[in-house]
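Structural description and commentary
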Amino acid sequence: MSHEPHLRNGFTRMAVLLGALALGSALPAAPARRPARTVDPMPERLKAIAKAEPGLFPEAAQTKLARLEKAWERATAKDLLKTADWQESRQEGRLAVLGKAYLDTRPGHPGLTEAQVKAAFLAQSEDRRVSHLLCKTQEEAGAALKRIQSGEAFEQVAAEVSVDPSAAQNRGDLGWIRQNQMVAAFGDPVFAAPVGALVGPLQSEFGWHVAKTWEARRATEADFVARRDALLKEAAAAQMKMKREAALEALRPRYPLVPDLAVLGADRTTETLPGDEKKVAGRVAGAAISLRTLKRHMVEVLKTMGSSHSLGAATKARFMEGVADDIRLATAARKQGLERRPEVQAALWLDERERAYARYAEAFLAEAQVAEGDLAKHHETFPDRFRQVGALRLQVLVADSKDQVEQALSQVRMGLPWKEAVARHASAEATGNPEPGWVEVASLKTLVPPTLMQPLLAGPLGQPVGPMLGPDGYMIFNVLERRPGPVLPLVECRDAVRADYLKLHGLAMVDQSLEN
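Here is what the cut-offs are and how they apply
- Residues numbered from 1 in each chain as written.
- Predicted model: local features only at pLDDT ≥ 70, side-chain atom pairs only at ≥ 80, totals over all residues.
- Heavy atoms only, no water.
- Pairing = 2+ DSSP bridges.
- Helix = DSSP H or I, 4+ residues; strand = E, 2+ residues; numbered from the N terminus.
- Contact = heavy atoms within 4.5 Å.
- Axes fitted to C-alpha atoms, helices over the stretch in contact; angles between N-to-C directions.
- Buried < 20%, exposed > 50% of the residue type's maximum accessible area, 1.4 Å probe, protein only.
- Phe/Tyr/Trp six-rings, centres within 6.5 Å; stacked < 30°, edge-to-face > 60°.
- Lys NZ or Arg CZ within 6 Å of the ring centre and 35° of its normal.
- Core = buried A, V, L, I, M, F, W, Y, C linked by side-chain atoms within 4.5 Å.

Some thoughts on the sheet that holds strand E5 (residues 258-259)
Hydrogen bonding along the main chain pairs the strands of a sheet, whether they run parallel or antiparallel. One open sheet accounts for three strands, arranged E5-E6-E7; its pairing is antiparallel. Two strands in the sheet have a free side with no partner beyond their single neighbour: E5 and strand E7 (287-290). Taken strand by strand, helix H12 (residues 291-302) contacts strand E6 (280-284) and E7, and its axis lies near 60° from that of E7.

Some remarks on the side chain of His 209
Along the polypeptide, His 209 turns up in strand E4 (residues 207-217). Classification of His 209 by relative accessible area gives buried; the value is 5%. Sequence-distant contacts of His 209, that is, excluding residues within four places in its chain, are made with His 132, Leu 133, Leu 134, Phe 186, Val 199, Gly 200, Pro 201, Leu 202 and Ser 204.

Focus: the environment of Lys 51
For Lys 51, the position within the fold is in helix H2 (residues 42-52). In this structure Lys 51 comes out as exposed when scored by relative accessible area, which is 64%. Sequence-wise, Lys 51 and Ala 347 are 296 residues apart; in three dimensions their C-alpha atoms are separated by 9.6 Å.

Brief notes about the sheet that holds E4
The strand order across the open sheet formed by four strands is E2-E1-E4-E3, and the pairing between neighbours is antiparallel. Strand pairing shows two members of the sheet lacking a second neighbour, strand E2 (173-178) and strand E3 (198-204), which therefore form its edges. The average angle at which neighbouring strand axes cross in this sheet is 35°, direction not considered. The pairing of strand E1 (residues 127-135) with E4 spans nine bridges and is classified as antiparallel. By the bridge assignment, Leu 133 is partnered in E4 with Val 210. Of the strands in this sheet, E1, E2, E3 and E4 are in contact with helix H9 (residues 184-192), which crosses E3 at around 165°.

Quick look at the packing of aromatic side chains
This model, assessed by the stated rule, comprises three aromatic pairs. Seen in terms of ring centroids, Trp 72 and Trp 86 are 6.3 Å apart; in terms of plane orientation they differ by 65°. Their pairing is edge-to-face. Of this pair, Trp 72 sits in helix H3 (residues 58-77) while Trp 86 sits in helix H4 (residues 84-105), placing them 14 residues apart in sequence. One residue, Arg 353, lies across the ring of Trp 72, its end atom 3.9 Å from the ring centre. Residue placement shows Arg 385 over the ring face of Phe 382; its charged tip is 3.9 Å from the ring centre.

Considerations on the nonpolar core
Counting residues in hydrophobic clusters, the biggest one holds 33 residues, and the most contacted among them are Tyr 102, Leu 264, Ile 289 and Leu 294. Those elements that place two or more of their residues in this core are H4, helix H10 (221-254), E6, H12, helix H13 (313-335) and helix H14 (342-367). Considering each element in turn, this core owes the most residues, 11 residues, to H13. When near neighbours in sequence (up to four residues on either side) are disregarded, Ile 289 contacts Leu 257, Lys 279, Val 280, Ala 281, Gly 282, Val 284, Met 320, Val 323, Ala 324 and Ile 327.

In structure tokens:
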């Protein structure tokens, strides 16, 4: 079959086209392309700033916008925005902004009015100021109750016998509580009893309780006025939480989490380690979740750091669902094209710039110079902030062997009363009187090394510290109370004064640096 007709037709069309191009007037010229439409982002960014800070004057919003851009430039110039930590922080912000944008498009109940929030607050059940003590057996709780009924002070008995770890510090005082904050086995009888009455022994899942209500009160109009802003925020947050959960019920089956149990099981710590950012702990909606990101999330939830051998792979996978939920919401937002909306782009810009501002501020203040005169004035104005501890009311346990003292330490942390730990594990001669007593810090420093002195002076009350090898054996300590001593001279606490000064004046110094 000949192809000549096709070739001839092809050449003919080409000739016509070339002729037309040569003549120029045979075919009309193609219309000129319109330049791409650009949108000035500044108005939306100013709106985002105003939305984040209601009541901010337009001039102040303009100033903040310029300050954020300057901080971004400075942080970029100092290479503060190239670290893995920054990238994670930026990604967390983007997920949060996109997730909120998606939830804002979802149907939901209209927000509660101020009048509705107020009515709910005033209608709530009464608050009661309650003390309690906790025992392991009904017999122990009954014995404690008899001591109180015979005239001993409730707080003294609680401090001595209660296995609640906080009792050594608060002496059984729970403060003001509401009935719905307590387990029913405890809360129902305590709130049913008259004010001033002793209640117990009561059994709950935690053990046997004895309790007493000292006062009762109901919320008033003045209470609402004092807490108005916080209550309105709480109501809005609660409603957003319900809307979020409703949206996630539909998104979780669509975007299931696929954890890597081998990666999760190989590392049982929540401490971030080098290389964690490269290990994939799981995937959801096409996105990888690094082991570093998961650990940071777990630390935030647990509010603790370091080794935790109870966190196996399955437990970590459940924690990872919290990270996966943020990714699911952001993915749904992108599917709807919300990321391209000007107001969402402005919100993303604001979140990113504020995080960069925080990075710059931290780096600037780490190197900031504070005049000696300013430090001296701050030290003179706030002397109590630099007052050292003069004496400690503490309990001491001395054992003959390290094994004995470690057993005592473990059992006390699990709730064993101190006097019982002394009876079981201590050397009576070396320990002496097991009752707590006051010890001057100056004399204690001659015995206790600095590594243990710091938690004794500044750690949580009622948390045993040790062990250490002393002149008479292995020792542990339990601080119940601290008594203030003299104010440290400036020369001995300059770093602390500088840190405290920067807490008060640091942001103003940062903003001043950005104006220069």
